[in-house]
Amino acid sequence: MNGPADGRGGGDRLPGLESRLFDIPEDKFIEVVRLLERVRDHPDVRQTFAALRPRLVQVRPNRRPTLKRVLCMPFEDVLESFNGVDVPVGRIERRVIDPVWRLVTECGDRALIDQLDRQVQETAPGNLNALRNIGRRLWPMAAQAIRGAAGGAGEQEAGGQPQWRALQGDEEMRRQLLDVAAFLEIGLTIESLKDALAPRPLAALDDLHVDAIEQAAQAVARQSAGLVYYLLLVAASHMANPADLLTVLNDLDFGKARREQPVIFAQLSGLVVTNLEERSARLESKDCGKGCGTGHSAGPGGAAAIAPEEAIAIAERLVASIDTTSAAMDVLADPAYRERLGAVKVAVRTMVAGTVLDTAPAGILTAVPAPAGNGRPAPVDEDAQAAAEDHARALRRCEGLAGALGLHEPLKDAMASMEKGLMARAQALLVDYPKAAGDPDDAETAEMNLFYALRLLELVAGPAKADRLRTAIMAATGEFAEE
């Protein structure tokens, strides 16, 4: 910050507070957040909240309600994520929130806004029903204000209103503002559907979920057939695999929007493909590729690389989404979509190869220490062993993706290389073990290193292939004699 926050030289206090708030216990963190929320309009406090957002997302305390937050409720599930590769289908950028709020407060019913703001201030955190009752009056008014102010450049120029100029002619911003207005118009139906599709993310759709989506679509269609699409975007955002919605979409009864159903299906299908492309693009920005060591180091531009186990989890979700999308979109018979899905699969393959296979030697083998030149065993590195075990599990999980991603041969080569390398390193430790056997502490360290090497070999090659090493270790350490 450039100057005092309070005119008494306190301008540097909040930046120091930001770092300390990441380390304090959760209950104290929530208490401080409550205090900061009382003055959150202060520029320094807004900056502090921005810095604390990662922990706020993790802790998810019941935040002090504000009218601005109530305004965002119908479209909060399609807001872009702060980090990670998973992005909601049809996302709204977070940069849209402040312009939306500005348009509502400048063009909306000022008396109603003041009344609802007082009600929000009297509402306890976590009282969702009370907030939805406030939203019942806020959202339609806000939607009308947004449409009136951002309906189009020509309309604003003709009307002489200043709101369009405030957007600086940003057409993408205007498009998203109009999307927000659509979500707000069906806010109550969206909130009811979110309850029916809880918890989020929804692993699989059952009959109750499908019925809830169908009933909500029919209710929205009675209001406006064009708004059904926005309801379905929220439904898709609640699913672990948004493409699952495509598999049931053509079987739903949309009521008055029945005629628009094929168009909606095509729109959502295209959007799901675009979403997969965006997610794969984020993979490329996070993946450090070859030569990144364990996969936990910083990638280009300082971005954290994807850890091997995280990479496999992401790949499994994306491959499932690609397969589901491809099957659901066969009805469209559009080769362009197949090509785009194929390109996403190539990106996933590249990420898995670069993050899990290519980094296996550095991520797994280096956890087994080489014999020390002075005859004393190297100290046990618990963190390196834990990371290596995670990497080994990720390597084994690649077997489930090898067919879909065309990784059979690279995976086979990587597994064979790891098996051979781990066995060689363990044998070297076995040869060196007698040098440490005379000192109890050294013997304990050496034995732990041997059994950690055995553990990695079991994870990579399976218990059967590790039996020979297990027998050799037990013979060298006298385990058989003790029995």
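Now for a quick tour of the structure.

What counts, and at which threshold
Residues numbered from 1 in each chain as written. Predicted model: local features only at pLDDT ≥ 70, side-chain atom pairs only at ≥ 80, totals over all residues. Heavy atoms only, no water. Helix = DSSP H or I, 4+ residues; strand = E, 2+ residues; numbered from the N terminus. Contact = heavy atoms within 4.5 Å. Phe/Tyr/Trp six-rings, centres within 6.5 Å; stacked < 30°, edge-to-face > 60°. Buried < 20%, exposed > 50% of the residue type's maximum accessible area, 1.4 Å probe, protein only. Salt bridge = Lys/Arg side-chain N within 4 Å of Asp/Glu carboxyl O. Core = buried A, V, L, I, M, F, W, Y, C linked by side-chain atoms within 4.5 Å. Polar contact = N/O pair within 3.5 Å; in protein donor to acceptor, adjacent residues only side chain to side chain. Axes fitted to C-alpha atoms, helices over the stretch in contact; angles between N-to-C directions. Parallel < 35°, antiparallel > 145°, perpendicular 65-115°, else oblique. Nonpolar A, V, L, I, M, F, W, Y, C, P; charged D, E, K, R; others polar. Left-handed = near helix turned anticlockwise from the far one by under 90°. Expected span 1.5 Å × (residues − 1).

## Considering the environment of Glu382
For Glu382, the location among the structural elements is in helix H19 (residues 382-397). In the structure, Glu382 is positioned 15 residues away from Ala367 in sequence and 9.0 Å away in space, judged by C-alpha atoms. Beyond its immediate chain neighbours, meaning those up to four positions away, Glu382 contacts Met448 and Tyr452.

## Some details on the packing of aromatic side chains
What the rule picks out here adds up to two aromatic pairs. Measuring from centroid to centroid gives 5.4 Å for Phe183 and Tyr230, while their planes differ by 85°, and the two rings are edge-to-face. Of this pair, Phe183 sits in helix H10 (residues 171-185) while Tyr230 sits in helix H13 (residues 228-237), and the two are 47 residues apart along the sequence. There is no split in this pair, since Phe183 and Tyr230 are both buried. Here the aromatic rings of Tyr229 and Tyr230 are separated by 5.2 Å at their centres, their planes lie at 80°, and the arrangement is edge-to-face. Residue classification places Tyr230 among the buried residues on the basis of a relative accessible area of 16%. In this structure an aromatic cluster arises from ring pairing among Phe183, Tyr229 and Tyr230.

## Looking at the pattern of salt bridges
The full count for this structure, using the stated rule, is 28 salt bridges. Of the charged contacts in the structure, one is a salt bridge between Asp432 and Lys435, with a shortest N-O distance of 3.1 Å. In this pair, Asp432 and Lys435 are both assigned in helix H21 (residues 408-436), three residues apart and thus about one turn of the helix distant. Among the ionic contacts, a cluster of salt bridges with common partners joins Glu76, Asp77, Arg132, Glu191, Lys194, Asp195 and Arg200.

## Details of the nonpolar core
Leu245 and Val352 are the most contacted members of the largest nonpolar core, which totals 132 residues. Ranked by residues supplied to this core, first place goes to H21 with 11 residues. Setting aside residues up to four positions removed in sequence, Val352 forms contacts with Ile312, Ala315, Leu357, Cys398, Leu405 and Leu407.

## A closer look at the side chain of Ser237
You can see Ser237 is positioned in helix H13. Here the side chain of Ser237 touches Val234 through a polar contact of 2.7 Å, landing on its backbone oxygen. When residues no more than four places from it in sequence are discounted, the contact partners of Ser237 are Asp77, Val78, Pro88 and Arg200.

## Focus: the packing of helix H22 (residues 440-461) against helix H23 (residues 463-477)
Contact pair H22 / H23: the axes reach a minimum separation of 8 Å and the direction vectors enclose 170°. Comparing the axis directions of H22 and H23 gives the class roughly antiparallel. Facing H22, whose interface residues are Glu447, Leu450, Phe451, Leu454, Leu457, Glu458 and Ala461, H23 presents Pro463, Lys465, Ala466, Leu469, Arg470, Ile473 and Thr477. Looking at side-chain class alone, the contact of H22 with H23 contains nine nonpolar, one polar and four charged residues.

## Quick look at unusual backbone geometry
In most cases, non-glycine residues show a negative phi, while peptide bonds are predominantly trans. For the peptide bond that leads from Ala198 to Pro199, omega is -5°, which places it in the cis range. By the element assignment, Pro199 lies in the loop between helix H11 (187-196) and helix H12 (207-223).

## Brief notes about the packing of H21 against H22
One way to put it is that H21 packs onto H22 with a least axis distance of 10 Å and a crossing angle of 165°. The angle between the axes of H21 and H22 places the two elements in the roughly antiparallel class. Classified by chirality, the crossing of H22 by H21 is left-handed. Seen from H21, the contacting residues are Met415, Met418, Glu419, Leu422, Met423, Ala426, Leu429, Leu430, Tyr433 and Ala436; seen from H22, they are Asp442, Ala443, Ala446, Glu447, Asn449, Leu450, Ala453, Leu456, Leu457, Val460 and Ala461.

## Looking at H10
The end-to-end C-alpha distance of H10, which contains 15 residues, comes to 21 Å, matching closely the 21 Å that a straight helix rising 1.5 Å per residue would cover. Among the 15 residues that make up H10, 11 are buried, leaving the element largely enclosed by the rest of the structure. Met173, Arg174, Gln176, Leu177, Leu178, Asp179, Val180, Ala181, Ala182, Phe183 and Leu184 are the residues of H10 that are buried.

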